[in-house]
Amino acid sequence: MRRVVRGFWGPRPESAEALAERWRQTLQGLAALVPEAADAWSQVHADGPATAITADGEALLGAVRTARSAADWSDLTGTGLRLVGTGTPGWEAEVSGVAGGAPEFLLQSLAVILYAPDNAPVPEEDILTLLARVWEPDFGDVSDDDVLDALEDEAGFSAGDPVVGRTGYLSPARAALVPEDLEAVRQELPGGGELLSIAAPGDSAAVVRAYERLREAGALAPLPRPMDRALL
């Protein structure tokens, strides 16, 4: 089964060293949460075959610096990496992101795409909590293809809009706008943001209801364009 865990935020320029540390914490966190999918890592390149990479700070700093040396790299856009983790047969994790830039219209992001056997337990909420802690996003979600299709078809969701899935994360300013009567389990995280446990797998209707309620309350308002800050 394919699961997607994501975090998004606005412009936040960062050094190569700061980005490499965030990547290191992400990969080490995933290795602890889903060791079946993160035994070994490789980096996917735009040209040429993937190459092996270790989850240590020095290797990741080298990858970030190499990405920043590309002819088409821009400090406004940010620095992108795409890594694939493998381990136990049937398991795979892909981690991709663009971060450290100051774009005015395109959100910065980090996404974990996890493939696991259909009946295997996956700590989805823990992975989103990891992304919230390490990357400090404005909002984030745990979704799958059925959830995203339902949000597009039934609620008018478009790619790039703030969103929650079966589980959602909202930064402090967004969390302050969550209606008290929202049908979700709310958990405050360090830093003041909130994790919202909204629906079990397969219950896309509950996700649509929560999404519409949060959007009406302003908790899913987009960052103003051109963007001038990372969080609402």
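Up top you'll find the structure we're talking about.
Quantities reported herein were computed from a predicted structural model and do not represent experimental measurements. One numbering rule holds for all chains: residues counted from 1, following each sequence as written. Reporting of local features is limited, given that this is a predicted model, to residues whose pLDDT is at least 70; pairs of side-chain atoms are given and counted only at 80 or more, and all residues count toward the totals for whole chains, interfaces and linings. Excluding hydrogens and water, the side-chain values take into account all heavy atoms of the structure.

Caption draft 1: Main features of the pairing of strand S5 (residues 92–99). For two strands to be treated as a pair, DSSP must find no fewer than two bridges joining them. For helices the rule is a DSSP run of H or I covering at least 4 residues; for strands it is a run of E covering at least 2, with both sets numbered from the N terminus onward. Of the pairings in the sheet, the one linking strand S4 (residues 79–86) to S5 comprises 8 bridges and is antiparallel in character. Note on S5: the bridge partner recorded for arginine 82 is serine 96. Between S4 and S5, which pair antiparallel in sequence order, lie 5 residues; one of them, glycine 90, sits at a positive phi of approximately 95 degrees. Pairing analysis gives 7 bridges linking S5 to strand S6 (residues 108–115), with the strands arranged antiparallel. When the sheet's bridge partners are listed, valine 95 is paired in S6 with valine 112.

Caption draft 2: Structural context of the side chain of arginine 174. Relative to the assigned elements, arginine 174 resides in helix H5 (residues 172–175). Any pair of residues with heavy atoms lying within 4.5 Å of one another is described as a contacting pair. With sequence-adjacent residues up to four places away left out, arginine 174 is seen in contact with Asp138, Phe139, Pro162, Ala219, Leu220, Ala221, Pro222, Leu223 and Leu232.

Caption draft 3: Local environment of the sheet that holds strand S1 (residues 2–9). Pairing within the open sheet is antiparallel, and its 10 strands lie in the order S3-S2-S4-S5-S6-S1-S7-S8-S10-S9. Looking at strand neighbours, the two that pair on one side only are strand S3 (51–53) and strand S9 (185–188), the edges of this open sheet. For this sheet, the mean angle separating the axes of adjacent strands, direction not counted, is 20 degrees. Inspection of the sheet shows strand S2 (residues 40–43) paired to S3 by 3 bridges, in the antiparallel sense. Counterpart to tryptophan 41 in the pairing with S3 is isoleucine 53. Only the stretch in contact is used when a helix axis is fitted, and all axes are lines through C-alpha atoms; the angle between N-to-C directions ranges over 0 to 180 degrees. Each of S2, S3 and S4 is contacted by helix H2 (residues 57–68), which is oriented at about 135 degrees to S4, the strand it contacts most.

Caption draft 4: Inspection of the nonpolar core at higher detail. Core analysis: the biggest nonpolar cluster contains 40 residues, and Trp41 and Trp135 have the highest contact counts within it. For this core, the elements supplying multiple residues, two or more each, are S1, helix H1 (16–33), H2, S4, S5, S6 and helix H3 (124–135). The next biggest cluster of nonpolar side chains, apart from the first, holds 28 residues, and it includes Ala155, Ala206, Val208 and Leu223. The criterion is simple. A nonpolar core is a set of buried Ala, Val, Leu, Ile, Met, Phe, Trp, Tyr and Cys residues joined through side-chain atoms within 4.5 Å. Think of it in three bands: with a 1.4 Å probe and only protein chains considered, a residue is buried below 20% of the maximum accessible area for its type, exposed above 50%, and partly exposed in between.

Caption draft 5: Representation of the layout of surface pockets in the model. In this structure, the largest pocket encloses a volume near 540 Å³. Every element with two or more residues in the lining of the largest pocket is listed here: H2, S4 and S6. Following the grouping adopted for this structure description, the nonpolar residues are Ala, Val, Leu, Ile, Met, Phe, Trp, Tyr, Cys and Pro, the charged ones are Asp, Glu, Lys and Arg, and the polar ones are all others, Gly among them. When grouped by side-chain class, the residues that make up the lining of the largest pocket number 10 nonpolar, 9 polar and 3 charged. Empty space within the second largest pocket amounts to approximately 220 Å³. In terms of lining, the second largest pocket is formed by 14 residues, of which the most central are Arg6, Phe8, Ala159, Gly160 and Asp161. Every element with two or more residues in the lining of the second largest pocket is listed here: S1 and helix H4 (145–155). The residue makeup of the lining of the second largest pocket, split by class, is 9 nonpolar, 1 polar and 4 charged. Here a cavity denotes grid points, spaced 1 Å and computed from the protein atoms alone, that fit a 1.4 Å probe unable to get out, and a pocket denotes an open set having protein on both sides within 12 Å along at least 5 of 7 lines; residues with an atom within 4 Å of a point are the lining. Grid points are joined across faces, edges and corners, and a volume is the space filled by probe spheres set on the points.

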